[in-house]
Protein chains: 2
Amino acid sequence: MAREDDESRKSADKVGTICRALRRAILEQALEPGAKLPEDALGERFGVSRTIARHALGQLAAEGLVELRRNRIAVVATPSWRDARDAFDVRIELERLVMRQLAGRLGKAQIAALTAHVDAEEAAAAGPDAVSIRLATEFHILLATMTESPILIRYVSEIAYRCCLTLSLFSRPHSSECGVSEHRGVIAALASGDAEVAIGLMHEHLESVASRALVAPGKPRGRDIMDILAPYASPDAAAARRDSAGDRSAGRASVDAE
Amino acid sequence: MAREDDESRKSADKVGTICRALRRAILEQALEPGAKLPEDALGERFGVSRTIARHALGQLAAEGLVELRRNRIAVVATPSWRDARDAFDVRIELERLVMRQLAGRLGKAQIAALTAHVDAEEAAAAGPDAVSIRLATEFHILLATMTESPILIRYVSEIAYRCCLTLSLFSRPHSSECGVSEHRGVIAALASGDAEVAIGLMHEHLESVASRALVAPGKPRGRDIMDILAPYASPDAAAARRDSAGDRSAGRASVDAE
DNA sequence: CGCAAAAAACATGCATGCACTTTCTCGGCC
DNA sequence: GGCCGAGAAAGTGCATGCATGTTTTTTGCG
């Protein structure tokens, strides 16, 4: 009944399709952190059974994008501030490796592809934040792809997704101006072949993104009343603050629209 | 990704149990790279249905320990030499971060735990290689655990498992002597609080493990008989092939862990 | 009117059944 | 004798059913 639309192409891989769709939805904040993801709703939406939806959720949980609680509805992950900081720390190390592997080894076509991507970012800067954030994230993934190291690609993608999710939680209205110019700087450094400069630029870039986003530990911009009030409700606010990932989401299930 | 959710200690978690058992079996080379993992056999061995076994395999596949081919029996992953080198590169970066986070921040109890683990390694050096290799790997995971950064823990664990799998493929009989002393050196540096020294020692350690293992690109030791015997192309090849491959597929696929 | 306990609705955990694909095997043919 | 193809066997892909646990609604009571 639903969509066997892409049956003609490579879409024999159903769980992969669902994973990609959900990932993208999460990245663009169509599904906010804490949003419920019931298996049967997903299954109905994508025209598959719960079995497949379940498998896809497991996959996404492995990537850290959704949180799987036993006997409970899966929800989009809500990383704590501490998680976010850790994620950026790891990301910086991984992307340092990307820089080292790529510096001076890029062909003309690759440079062109990178430049084109940044152009697209610039073009999208006027549009909605969601697209702009996604494109910025995908720039880093594009870089990682060029290392042709499957492991590195997977890890950078994963961590970049998580960071992106985090940004959507903590960051105020995205200002991508600086992001674009910093990306251009990285491309230039890579093209010139100076690994140290490229590493330095990327480090600076990521650090600035992180600090722009992670200025203060708290302040999830309000979705769930219980979350927001948690620190105030209890006498010892310190304990509540520490466990800021506590999730009592009573939000609507974003998937069963219409 | 070891744990998508931390049900790891509850015995109600069946897929986690199977994952852990299989991981361990793979680590200790009870299951060699290329070994078949039919869902039926797994399910029967662990007393669950194919559904669960399948889920566990998916999990392990996400970790890169098993290879999942559509409509085909899953097999223990057989990383290429290139994969192995990439894995070590990533691992070095990640463990550098571990060192930086841990240097000078370890309590007495933690130092003691680390020392005790290395003592166990030393004691196991006389025993079978499999145990010794596993313990050496777990030392690094123990270190990562002490960072208390879930992301870092997960990534280091995963990459360490993969490297361990690789070692079992390419390395010659394990010589853990040096490993133990290097581990002790790292502990000392961490305790003294000198981050740079710790980073340097760990880097050296990993590099030496990698180079011990990855001397030459070739020689997949005994996985696919066809590959190995290809150069020889003798008439007896058929017999040898039956002997090894057939045997493994049927009965030995399952694990008697612990 | 508020609150708590019971029950209905809802969702997941897991096993099993059926269809389809790959692999193995055996008998016919060159 | 060796190669090849049809059928059988084995295995995966996926949906569905039932049991169990969770959330919400309803109902009874102070």
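In what follows, the structure referred to is the one given above.
Asker: How should I be thinking about the protein's contact with DNA strand D in this particular structure?
Answerer: Looking at DNA strand D, there are 17 residues lining it, with S49, R50 and R72 of chain A together with R50 and R54 of chain B nearest. Each atom of DNA strand D within 4 Å of the protein belongs either to a base or to sugar and phosphate, the latter forming 76%. Between a phosphate oxygen of DNA strand D and a side-chain N or O atom of R72 of chain A, the distance comes to 2.7 Å. R50 of chain B is positioned with one of its side-chain polar atoms (N or O) 2.9 Å from a base oxygen of DNA strand D. When contributions to the surface near DNA strand D are tallied by element, the ones reaching two or more residues are α3 (50-63) of chain A together with α2 (39-46) and α3 (50-63) of chain B. Counting residues per element, the surface near DNA strand D draws most heavily on α3 of chain A, at 3 residues. For the surface near DNA strand D, the residue count by class is 4 nonpolar, 4 polar and 9 charged.

Asker: How should the protein's contact with DNA strand C be read in this particular structure?
Answerer: R50 and R54 of chain A together with S49, I52 and R72 of chain B are the nearest of the 19 residues found near DNA strand C. Each atom of DNA strand C within 4 Å of the protein was classed as base or backbone; sugar and phosphate made up 73%. R54 of chain A places a polar side-chain atom, nitrogen or oxygen, 2.2 Å from a phosphate oxygen of DNA strand C. N71 of chain A places a main-chain nitrogen or oxygen 3.4 Å from a phosphate oxygen of DNA strand C. At the level of secondary structure, the elements contributing two or more residues to the surface near DNA strand C comprise α2 (39-46) and α3 of chain A together with α3 of chain B. Examining the composition of the surface near DNA strand C, we find that 3 residues originate from one element, α3 of chain B, more than from any other. Tallied by class, residues from the surface near DNA strand C come to 6 nonpolar, 4 polar and 9 charged.

Asker: Please clarify how the interface of chain A and chain B should be interpreted in this entry.
Answerer: A common way to express how large an interface is: the accessible area buried when the components associate. Contacts between the two partners involve 32 residues from chain A and, on the opposite side, 36 residues from chain B. Considering only the surface of chain A that becomes buried against chain B, E93, I151 and Y155 of chain A emerge as the three largest contributors, covering 22% of it. Counting across the interface, chain A meets chain B through 6 salt bridges. A salt bridge links R154 of chain A to E158 of chain B, with the nearest nitrogen and oxygen atoms 2.2 Å apart. Counting the contacts that link chain A with chain B gives 10 residue pairs in polar contact (both at pLDDT 80 or more). Of all the secondary structure elements, the ones that give two or more residues to the side of chain A that touches chain B are α3, α4 (81-102) and α7 (150-170) of chain A. Per element, the largest residue contribution to the side of chain A that touches chain B is 12 residues, and it comes from α4 of chain A. Broken down by class, the residue content of the side of chain A that touches chain B amounts to 13 nonpolar, 5 polar and 14 charged.

Asker: Just checking my understanding: could you explain the nonpolar core for this structure?
Answerer: In globular proteins that are soluble, nonpolar side chains generally tend to be buried together. Formed by 82 residues in total, the largest nonpolar core has its most connected members in L94 and L143 of chain A together with L94 and L143 of chain B. By size, the runner-up hydrophobic cluster in this structure holds 27 residues, among which are A25, I26, V66 and I133 of chain A.

Conventions and cut-offs
- Residues numbered from 1 in each chain as written.
- Chains lettered and ligands numbered in written order.
- Predicted model: local features only at pLDDT ≥ 70, side-chain atom pairs only at ≥ 80, totals over all residues.
- Heavy atoms only, no water.
- Near = heavy atom within 4 Å.
- Polar contact = N/O pair within 3.5 Å; in protein donor to acceptor, adjacent residues only side chain to side chain.
- Helix = DSSP H or I, 4+ residues; strand = E, 2+ residues; numbered from the N terminus.
- Nonpolar A, V, L, I, M, F, W, Y, C, P; charged D, E, K, R; others polar.
- Contact = heavy atoms within 4.5 Å.
- Buried area = accessible area lost by both parts, 1.4 Å probe.
- Salt bridge = Lys/Arg side-chain N within 4 Å of Asp/Glu carboxyl O.
- Core = buried A, V, L, I, M, F, W, Y, C linked by side-chain atoms within 4.5 Å.
- Buried < 20%, exposed > 50% of the residue type's maximum accessible area, 1.4 Å probe, protein only.

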